[in-house]
Amino acid sequence: MNIDYSILKKYPFCNRCFGRLYGKLIRTDNFDRGRALKLSKAIELEQLLRIALENLNNDNLEFESDLKLTPDEIDEIKRLMYSIHRSGLFEIKLDLIDNIEKYEAEYKLLEETNGEKALEELEIKCPWCKDIFAPENLQKISENIAETLKNYEFESFLIGTKLPKRFKELEKEIETPFMESIRQEFGRELGKIVTPILKRRVDKENPDIVIMVNPYNQKVTLQVNPIFIKGRYKKLVRGIPQSHWHCRTCKGRGCEKCNFTGKQYQTSVEEIIAEPFMEIMKGSSEALHGAGREDIDVRMLGNGRPFVIEIKEPKVRTVNLKKMSEKVNSSKMVEITDLEYGNKKDVHFFKNEPHKKTYLAKVECDEKVSKEEVLNLVQKLENLVIDQRTPDRVAHRRADLVRVRKVYKAWPHILDDYNFELKIFCDGGLYIKELISSDEGRTSPSVSELLDKKCICKFLDVLDVHDYEDVENI
Ligand SMILES: [Zn+2]
Ligand SMILES: [Zn+2]
């Protein structure tokens, strides 16, 4: 495979860019490689041209091997020599090339059909790099970066280069198997200047901030990666949802019904937890990811429910976690513990790993229930497999299907002839209110079915969300 010099007849790539076309060959910088390639070709062409011109009008060549080129072939050599000269190798003598105007006119025509403004005579501007490696350009971009970052706390960063579409297309057109993208070289060169200024470490895997640069217009944009903080929360009161709900009437726009707050409920576990974090970290938004959720009227007690709070695009990344939990806990509605920094994987874990639960349910029967009946009930509940069709009350937002869940154990506490409490250890995802009521037969077996009495769940608390699968520890 040969080096393709004819590309220079279409695009007068500078030494650096021509060297980048073969950037993976020979460990040297692109400028040196490009200049060396052009020089060696220029020497070859000049030699050819000199011999060919000498022999042009000589019909009595001594040896058959003596070079005899047609005028067209000579024209091609001159055209290529002129192209190499024009691309920045000014060592090529133009005195051997007598019809520069013709080649220059061809260039102008080509540039105009490419939709570019025709260049001033002999003004060389490389159509690939457009001078983006000039020290002034790199300096200006580093200043823009420092300015854009000035309000952000970060420990690590990565520079990404964003190429405008036309340069991506150009690279596709001129690609060789050994080419390096200008993105890589620009990122490397800019890094040399920016890293000492920022005095932070470069992290290719998981940087706090990705700095995206368009080298051609000096625009800088940031991708600020979120902060994840995990812990466990308890919900000490009934009546607040886990996450913010839009007002049903106005869908969040604000109306008389919601007192122009746009909220269906005054607050939520999410809002109570997020508020102090958002205040200090100044994120653009946040999200609370819980290991499941409890209903609005259900408390979350015991060791609390595992959660991760994600603060998006934070300006501040380090906070005093103890102070944060003190602030949340002063709400008296939500209490958080075991706070630590987490990562994106935790979100996936909390969302997708089924956690077993322990509940405390207050059961009310519409007829008298004896101690024997209750003891009998908990015996039947042990290791009982439940078929649960999606409850009627959530069917509008969940797919209607039958889930199979297990109750592992239940413990009774009798309150009076009609009421008793059940502590229930079961699979995550089992709806307890329906386990008790039977949900018109959609959950089976159920407490109502096993007792053969109509029962409802008066109150429900989550006592524990289990990390481990060990029933003995309950
Ligand atoms: Zn260039
Ligand atoms: Zn409203």
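Bear in mind the structure is a predicted one, so any value in this text is a computation, not a measurement. In this numbering scheme, every chain counts its residues from 1 along its sequence in written order. Just so you know, chain letters begin at A and ligand numbers begin at 1, following the order they were written in. Selection of residues for local features in this predicted model requires a pLDDT of at least 70, selection of side-chain atom pairs for listing and counting requires 80 or more, and totals for whole chains, interfaces and linings are taken over all residues. Values shown for side chains rest on all heavy atoms present in the structure; no hydrogens or waters enter the calculation.

Enquirer: How should I be thinking about the coordination of the zinc ion (ligand 2) in this particular structure?
Expert: Under perfect tetrahedral coordination by four donors, a metal shows angles of 109.5 degrees; under perfect octahedral coordination by six donors, it shows angles of 90 or 180 degrees. Water is absent from the atoms considered, so a metal site may look incomplete; donors are defined as N, O and S atoms within 2.8 Å of the metal, or 3.2 Å for Na, K and Ca. At the metal site, the zinc ion (ligand 2) is ligated by Cys-247 (SG), Cys-250 (SG), Cys-255 (SG) and Cys-258 (SG), and these contacts range over 2.2 to 2.3 Å. Bound by 4 donor atoms, the zinc ion (ligand 2) shows angles of 102 to 116 degrees at the metal and therefore tetrahedral coordination geometry. Taken in sequence order, the residues that donate to the zinc ion (ligand 2) follow the motif C-x2-C-x4-C-x2-C. In this scheme, a residue with accessible area under 20% of its type's maximum is buried, one over 50% is exposed, and one in between is partly exposed, where area comes from a 1.4 Å probe on protein chains only. For Cys-250, a relative accessible area of 3% corresponds to the buried category. All geometry calls rest on donor angles, where a four-donor set with angles between 85 and 135 degrees is tetrahedral, four- and six-donor sets with opposite donors more than 155 degrees apart and all others between 65 and 115 are square planar and octahedral, and all else is irregular.

Enquirer: Would you mind showing me how to read helix H3 (residues 30-55) here?
Expert: Think of an α-helix as turning once every 3.6 residues; residues three or four places apart then point the same way. Strands here are runs of E lasting at least two residues and helices are runs of H or I lasting at least four, both read from the DSSP assignment and numbered beginning at the N terminus. Each residue after the first adds 1.5 Å to the expected span of a helix. Taking 1.5 Å as the rise per residue, H3 with 26 residues should run 38 Å; its terminal C-alpha atoms sit 38 Å apart, in good agreement. For H3, the set of buried residues is Asn-30, Arg-33, Gly-34, Leu-37, Lys-38, Lys-41, Ala-42, Leu-45, Glu-46, Leu-49, Ala-52 and Asn-55. Polar contacts here mean pairs of N or O atoms no more than 3.5 Å apart (in protein, one a potential hydrogen donor and the other a potential acceptor; neighbouring residues in sequence count only if both atoms are side-chain atoms). Two or three places before Phe-31, at the opening of H3, Asp-29 has a side-chain oxygen 3.2 Å from that residue's backbone nitrogen.

Enquirer: Just to check I follow, could you spell out the pairing of strand S14 (residues 455-465) for this structure?
Expert: Remark: a regular strand shows side chains that alternate across the two faces of the sheet. We call two strands paired when DSSP finds no fewer than two bridges between them. Looking at chain direction, strand S7 (residues 298-312) and S14 are connected through 3 bridges and run parallel. By the bridge assignment for S14, Val-298 is matched with Leu-460.

Enquirer: Would you take a moment to explain the coordination of the zinc ion (ligand 1) for this structure?
Expert: Looking at the zinc ion (ligand 1), the protein donor atoms are Cys-14 (SG), Cys-17 (SG), Cys-126 (SG) and Cys-129 (SG), and they sit 2.2 to 2.3 Å from it. Note that the zinc ion (ligand 1) binds 4 donor atoms; their angles at the metal cover 103 to 115 degrees, and the shape is tetrahedral. Sequence positions of the donors to the zinc ion (ligand 1) reduce to the motif C-x2-C-x108-C-x2-C. Cys-129 gets classed as buried once you look at its relative accessible area, which sits at 5%.

Enquirer: I keep staring at the sheet that holds strand S2 (residues 201-202) and nothing clicks. Help me out?
Expert: Backbone hydrogen bonds hold the strands of a sheet together, and the pairing may be parallel or antiparallel. With respect to topology, 4 strands assemble into an open sheet ordered S2-S1-S3-S4, the strand pairing being mixed. In this open sheet, the two edge strands, each paired with only one partner strand, are S2 and strand S4 (219-224). Note that strand S1 (residues 156-161) and S2 share 2 bridges and pair parallel. What sits directly across from Ser-156, in S2, is Arg-201.

Enquirer: I tried to follow the domain arrangement of the protein on my own but got confused; where do I start?
Expert: Much of the literature gives interface size as the accessible area that the parts lose upon coming together. Throughout the structure description, domain borders are defined by an automatic or database domain assignment. We note that the domain assignment places domain 1 (7-113), domain 2 (135-224), domain 3 (227-352) and domain 4 (357-473) within the protein. Here the C-alpha centre of domain 4 lies 87 Å away from the C-alpha centre of domain 1.

Enquirer: What's the story with a negative patch on the surface in this structure? I'm lost.
Expert: Patches here are clusters of residues that have more than 30% relative accessible area and form no salt bridge, with a 9 Å joining cutoff for like charges and a 5 Å cutoff for nonpolar side chains (Val, Leu, Ile, Met, Phe, Trp, Tyr). Note on areas: Shrake-Rupley, 1.4 Å probe, and residue coverage restricted to the protein chains presented here. We define a salt bridge as a side-chain nitrogen of Lys or Arg found within 4 Å of a carboxyl oxygen belonging to Asp or Glu. For the purpose of charge, His is not counted, nor are the chain termini; Lys and Arg are scored as positive and Asp and Glu as negative. Charge placement uses NZ in Lys and CZ in Arg. For Asp and Glu, CG and CD serve respectively. Taken together, the side chains of Asp-366, Glu-367, Glu-449 and Asp-452 present a region of like negative charge at the surface. Locating Glu-449 in the fold gives a position in helix H14 (residues 447-451).

Enquirer: Sorry, what's going on with the pairing of strand S11 (residues 402-414) here?
Expert: Bridge count for strand S10 (residues 384-389) against S11 is 6 bridges, and the pairing is antiparallel. Among the inter-strand pairings, Ile-386 is bridged to a residue of S11, identified as Arg-405. The sheet contact formed by S11 and strand S12 (residues 419-426) spans 7 bridges and is antiparallel. Considered in S12, the bridge of Ala-410 is made with Ile-424.

Enquirer: Explain helix H6 (residues 135-149) to me, please; I cannot follow it from the model alone.
Expert: Its 15 residues place the ends of H6 21 Å apart at the C-alpha level, agreeing with the 21 Å of an ideal helix rising 1.5 Å per residue. Taken as a whole, H6 has its buried residues at Asn-137, Leu-138, Ile-141, Ser-142, Asn-144, Ile-145 and Leu-149. The buried residues of H6 all sit within an arc of 160 degrees when viewed along its axis, so they share a single face. Facing away from the buried side of H6 by over 90 degrees, the exposed positions are Pro-135 and Glu-136. Should any heavy atoms of two residues lie within 4.5 Å, those residues are counted as being in contact. On its buried face, H6 is in contact with helix H8 (182-198), strand S3 (209-214) and S4. What the arc covers is the set of directions going from the helix axis to the C-beta atoms.

Enquirer: Is there a simple way to explain the pattern of salt bridges in this structure?
Expert: Pairing is possible between side chains of opposite charge, provided their charged atoms come close. Counting across every chain of the model gives 38 salt bridges. In this structure, Arg-389 engages Asp-400 in a salt bridge whose closest nitrogen and oxygen atoms are separated by 2.9 Å. A residue pair is termed long-range when its members are at least 10 positions apart, and Arg-389 in strand S10 and Asp-400 in the loop between S10 and S11 qualify at 11 residues. With a relative accessible area of 35%, Arg-389 lands in the partly exposed category. Here Asp-400 falls in the partly exposed class, since its relative accessible area comes to 45%. Linked by salt bridges that have partners in common, Lys-9, Asp-75, Glu-76, Arg-79, Lys-102 and Glu-106 make up one network.

Enquirer: When you look at a positive patch on the surface in this model, what are you seeing that I'm missing?
Expert: A grouping of Lys-162, Lys-168, Lys-172 and Arg-183 is seen on the molecular surface, where their side chains present a positively charged patch. Owing to a relative accessible area of 51%, Lys-162 belongs among the exposed residues under this scheme.

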